[in-house]
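Notes for the structure review
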Amino acid sequence: VGYKAVDDHVRSGMVVGLGTGSTAFYAVERVGQKLKSGELRDIVCIPTSERTREHAEQLGIPLVTLNEKSELDVAIDGADDVDLRLNLVKGGGGALLREKMVEIMSKKFVCIVDESKLSSGLGPRFPLPVEITPFCHEHTMRVIEKLPSLKGCKAVLRMGNVANNKCDGDNIAVTDNGNYIVDLHFTETIHDVNAAARELKTTVGVVDHGLFPSMASVVIVAGKNGIRVAGRDGGERPWW
C-alpha cells in the first residue's frame, strides 16, 4: 500500500509529506526509488519524525521543513485505527504532533493501512496517544481522565521506547519534541470523536492528541483479498 500510495498520488514537482511507522516506511522507500530512476523529479519532502528524516536522507530524498514550505500537495502516512467515518487514531509510533502539523497542511492526505487497523468505532481496539508536557504530567493525566467525552478511559504513561505503546523500559518515553506520551485505554467506543478532540486540545498541559478526524482524503487498505480504497477522493464507501 505504501508503493501504491506513491504511484497513484505523487507526481514530479510536488511537495510531499512523509509519514512515520512501519507502513509509511515503504512509501518513503518508493519515493527514493522513483527519484533514483528519474521517474520523479523536482520534488521536496517534509518528514514527520527524526526516524523518517534519517531514512529519507539515506535514500537521497531532498528534504525541507514547514518553515520553508507551509503548503503540501500530498502527505502519506499510516494509522493505528480507522473508523467507518475515516476518523483516525495515530501516534502509536510517538510522532503524532509532527504528523498532524504536516498532514493538516496537505491538500491531500493519503492514509495507508492493513485491514487489521479497521474498526467500527475508535477507542477499544487501539489506545489513544496524547502528547503532554513533562511538567506536572501526573496532574495532566488525571485531568484527561475526567474529560466528559473520554469518560471511563485509563491514562497510561508510555515507558521505554517512544515508538511503541509497550512498556519495554524503566524510563519515561520522550518524543522528538521533548514531551511525554500518555496512552488512553478504553473499554467502550468514543461516542463523539470531534468532542473528544476539542476537549483534549483545550486541556492545558496537552500538546496535541492522536485523533485525526475527517483528515484523510483516502484510505488505502491492504487485505487478504488484495488492495481496496475508501474515501472521498475516488474511493468507495467504507465496507467494514
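Residues numbered from 1 in each chain as written. Predicted model: local features only at pLDDT ≥ 70, side-chain atom pairs only at ≥ 80, totals over all residues. Heavy atoms only, no water.

**Points about the overall build of the protein**
Stated formally: Secondary structure elements follow DSSP: runs of H or I of four or more residues count as helices, runs of E of two or more count as strands, with numbering from the N terminus. For this measure, only C-alpha atoms enter the radius of gyration; the expected value for a globule follows 2.2 Å times N^0.38, where N is the number of residues. Exposed residues in this analysis have more than 50% of their type's maximum accessible area, buried residues have under 20%, and partly exposed residues fall in between, with area computed by a 1.4 Å probe over protein chains only. In what follows, residue pairs with any heavy atoms lying within 4.5 Å of each other are defined as contacts. We count Lys and Arg on the positive side and Asp and Glu on the negative side, and we leave His and both chain ends out. In this description, the location of a charge corresponds to atom NZ of lysine, CZ of arginine, CG of aspartate or CD of glutamate.
Counting its secondary structure elements, the protein contains six helices and 13 strands. In terms of overall size, the protein behaves like a compact globule, its C-alpha atoms giving a radius of gyration of 17 Å where 240 residues would be expected to give roughly 18 Å. Reported as C-alpha extents along the three principal axes, the dimensions of the protein are approximately 55 × 40 × 30 Å. For the protein, the proportion of its 240 residues judged to be buried stands at 51%. Within the protein, contacts between residues at least 6 apart in sequence are counted, and of these 72% link residues at least 24 apart. Where the 29 positive side-chain charges of the protein centre and where its 32 negative ones centre are 3 Å apart.

**What about the environment of N164?**
Rule in force here: Any N or O atom pair separated by 3.5 Å or less is treated as a polar contact, with the protein-specific requirement of one donor-capable and one acceptor-capable atom, and with residues adjacent in sequence counted only for side-chain atom pairs.
If you trace the backbone, N164 turns up in the loop between β8 (154–157) and β9 (180–185). A C-alpha to C-alpha distance of 11 Å links N164 and T175, two positions 11 residues apart in sequence. Residues contacting N164, with those up to four places away along its chain left out, are G92 and R158. Looking at N164, its side chain comes within polar contact range of the main-chain nitrogen of K166, at 2.8 Å. For N164, the side chain forms a polar contact with the side chain of D168, separated by 3.2 Å.

**Quick word on the packing of helix α1 (residues 2–9) against helix α2 (residues 24–37)**
The criterion, for reference: Structural elements are reduced to axes, namely lines fitted to C-alpha atoms, with helices fitted over the stretch in contact, and the angle between N-to-C directions of any two is expressed from 0 to 180 degrees. For classification purposes, an angle smaller than 35 degrees is called roughly parallel, one larger than 145 roughly antiparallel, one from 65 to 115 roughly perpendicular, and anything else oblique. Crossings are classed by handedness, with left-handed meaning an anticlockwise turn of the near helix from the far one by less than a right angle and right-handed meaning a clockwise turn. Throughout this entry, Asp, Glu, Lys and Arg are counted as charged residues, while Ala, Val, Leu, Ile, Met, Phe, Trp, Tyr, Cys and Pro are counted as nonpolar. The remaining residues, Gly among them, count as polar.
At a minimum axis distance of 7 Å, the contact between α1 and α2 shows a crossing angle of 50°. Comparing the axis directions of α1 and α2 gives the class oblique. Crossing geometry of α1 relative to α2 is assigned as right-handed. Mapping the contact onto sequence places G2, Y3, V6 and D7 in α1 and Y26, A27, E29, R30, V31, Q33 and K34 in α2. Each residue belonging to the contact of α1 with α2 can be placed in one class, and the counts come to five nonpolar, two polar and four charged.

**Focus: the pattern of salt bridges**
Should the charged atoms of two oppositely charged side chains come close, the side chains can pair. Here is the rule we go by: One speaks of a salt bridge when a side-chain nitrogen belonging to Lys or Arg is within 4 Å of a carboxyl oxygen belonging to Asp or Glu.
Under the criterion given, the structure shown has 17 salt bridges. Across the salt bridge formed by D7 and R30, the nearest N and O atoms sit 2.9 Å from each other. You can see D7 sitting in helix α1 and its partner R30 sitting in helix α2, a full 23 residues away along the chain. On the basis of relative accessible area, D7 is assigned to the partly exposed category, the value being 28%. Put simply, E50 and R53 hold a salt bridge, and the shortest N to O gap is 2.8 Å. Here the residue E50 and the residue R53 both occupy positions in helix α3 (residues 50–58), the gap between them amounting to three residues, near one helical turn. Of the residues examined, R53 reaches a relative accessible area of 26% and is grouped as partly exposed. Counted as one network, the salt bridges with shared partners bring together E50, R53, E54, E57 and R98.

**Considering the side chain of S106**
Along the chain, the position of S106 falls in the loop between α4 (96–103) and β6 (109–114). In this structure the side chain of S106 is engaged in a polar contact, spanning 3.4 Å, whose partner is the backbone nitrogen of V74. Looking at S106, its side chain comes within polar contact range of the main-chain oxygen of K108, at 2.6 Å. Those residues in contact with S106, other than ones at most four positions away along the chain, are L72, D73, V74 and A75.

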